[in-house]
Amino acid sequence: MKHRSALWFWVFVGPFAAGLALFTYVPLLWSVGLSLFDAHNTVTPTHFVGLDNYTAMLRDDAFRDSLKTFLVFTAFIVPTTYVVSLTLALMVNRVRRARAFFRSVFFLPAACSYVVAALVWKMSIFSGVRFGLANTVLGWFGADSVAWLATPDPPWYWLVIITVRLWLQAGFYMILFLAGLQRIDPALYEAAAVDGARPGWTVLRHITLPQLRATSVAVVLLLVVNAFQAFDEFYNLLSDARGYPPYARPPLVYLYYTALGQGQNLGLGSAGAVILALVIAVVTAAQARWLKLGRTDADG
């Protein structure tokens, strides 16, 4: 009986495990191996350079600037998405009729392609010419058209990048918060009402948010990790026929041009990818420890 159960376990899990190993772990190990070689225009290098690629990457001002771009992006997108998605969840949770409809409407953008959304934002909403929706609205108030993506000073491109990412992902995190809200015991709100607590900020602060702590921790961790992986919206919004501008390059965009650009330096790009993966792991572990992920109240 145990042998038969083990057989069916591998029948169902085996294909997924094989796919995970083939498309995740093998490329990861290969990337680590490439990072130790001088791999110009080849994935089978022979010149071993040790940690030279890592040293060169850490000394590269452009790579350090890409990490600063990530920090700016994270500082904007994480709190904004958290507040908007939580607000949507609270609103939808209070709806008594057509709750499934509103939940689907707000979640629908999460199914949209990042590439398609970025092109819509770039060509229809924030187009640099007077025919873009944003510039049309500004024209109604007598304001001049704005080149939203063309200049770094003032950095209006952040508005475009943040809004498209917010539109794409707020609905997904709203669903997570909805699941958390539906697990809160209604008796807590009834007891608060009996004690004279006013509905609104007081109840939200002392009941709702503490009960959503585990969900909030998961949402923040996912938001930070996804911010590290930002590529599609940056690349499709800011690049053009002339290439990508020197500003607002997140780590993945910089590594893309390092490994697949004119230099085709796969060793240097792999070293940067390994450094980025380590940074993500350290940041995630630090966040989990700071937010006390996995601890119960009894653990202190």
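Bear in mind that the values here come from a model prediction, so they are computed numbers and not experimental data.

1. Examining the packing of aromatic side chains
Using the criterion set out here, one finds 21 aromatic pairs in the structure. Taking the centre distance of 5.5 Å and the plane angle of 40° together, the rings of Tyr157 and Trp158 count as tilted. With relative accessibility at 12%, the residue Trp158 sits in the buried group. Taking the centre distance of 5.1 Å and the plane angle of 80° together, the rings of Phe172 and Tyr173 count as edge-to-face. On the basis of relative accessibility, which here comes to 36%, the residue Phe172 falls in the partly exposed class. Three or more aromatic residues joined by ring pairs make a cluster, and in this case those are Phe73, Phe76, Tyr157, Trp158, Phe234 and Tyr247.

2. With respect to the packing of helix 10 (residues 213-228) against helix 13 (residues 266-290)
Contact geometry of helix 10 with helix 13 gives a least axis separation of 10 Å together with a crossing angle of 165°. As judged from the angle between their axes, helix 10 and helix 13 are roughly antiparallel. Note on packing geometry: the crossing formed by helix 10 with helix 13 is right-handed. Of helix 13, the residues touching helix 10 (which contributes Val220, Leu221, Val224, Val225 and Phe228) are Leu276, Val279, Ile280, Val283, Thr284, Gln287 and Ala288. Residue composition of the contact of helix 10 with helix 13, by class: 10 nonpolar, two polar and no charged.

3. What to know about the nonpolar core
Buried together is how nonpolar side chains tend to be arranged in soluble globular proteins. Judged by nonpolar contacts, the single largest core of 57 residues is most densely connected at Phe73, Tyr157, Ile161, Phe234, Leu237 and Leu238. Those elements that place two or more of their residues in this core are helix 2 (52-59), helix 3 (61-94), helix 5 (114-125), helix 7 (157-181), helix 10, helix 11 (232-238), helix 12 (251-260) and helix 13. The greatest single-element share of this core, amounting to 14 residues, is contributed by helix 7. Residue contacts for Phe73: discarding those within four places in its chain leaves Trp158, Ile161, Ile162, Arg165, Ala227, Ala230, Glu233 and Phe234.

4. Here we look at a nonpolar patch on the surface
Together, Leu7, Trp8, Phe9, Trp10, Val11, Phe12 and Val13 line one region of the surface with nonpolar side chains, adding up to about 750 Å² of accessible area. Its location among the elements puts Trp8 in helix 1 (residues 2-34).

About the cut-offs
- Residues numbered from 1 in each chain as written.
- Predicted model: local features only at pLDDT ≥ 70, side-chain atom pairs only at ≥ 80, totals over all residues.
- Heavy atoms only, no water.
- Phe/Tyr/Trp six-rings, centres within 6.5 Å; stacked < 30°, edge-to-face > 60°.
- Buried < 20%, exposed > 50% of the residue type's maximum accessible area, 1.4 Å probe, protein only.
- Axes fitted to C-alpha atoms, helices over the stretch in contact; angles between N-to-C directions.
- Helix = DSSP H or I, 4+ residues; strand = E, 2+ residues; numbered from the N terminus.
- Parallel < 35°, antiparallel > 145°, perpendicular 65-115°, else oblique.
- Left-handed = near helix turned anticlockwise from the far one by under 90°.
- Contact = heavy atoms within 4.5 Å.
- Nonpolar A, V, L, I, M, F, W, Y, C, P; charged D, E, K, R; others polar.
- Core = buried A, V, L, I, M, F, W, Y, C linked by side-chain atoms within 4.5 Å.
- Patch = residues over 30% accessible without salt bridge, like charges linked within 9 Å, V, L, I, M, F, W, Y side chains within 5 Å.
- Areas by Shrake-Rupley, 256 points an atom, 1.4 Å probe, with all protein chains shown as cover.
- Salt bridge = Lys/Arg side-chain N within 4 Å of Asp/Glu carboxyl O.

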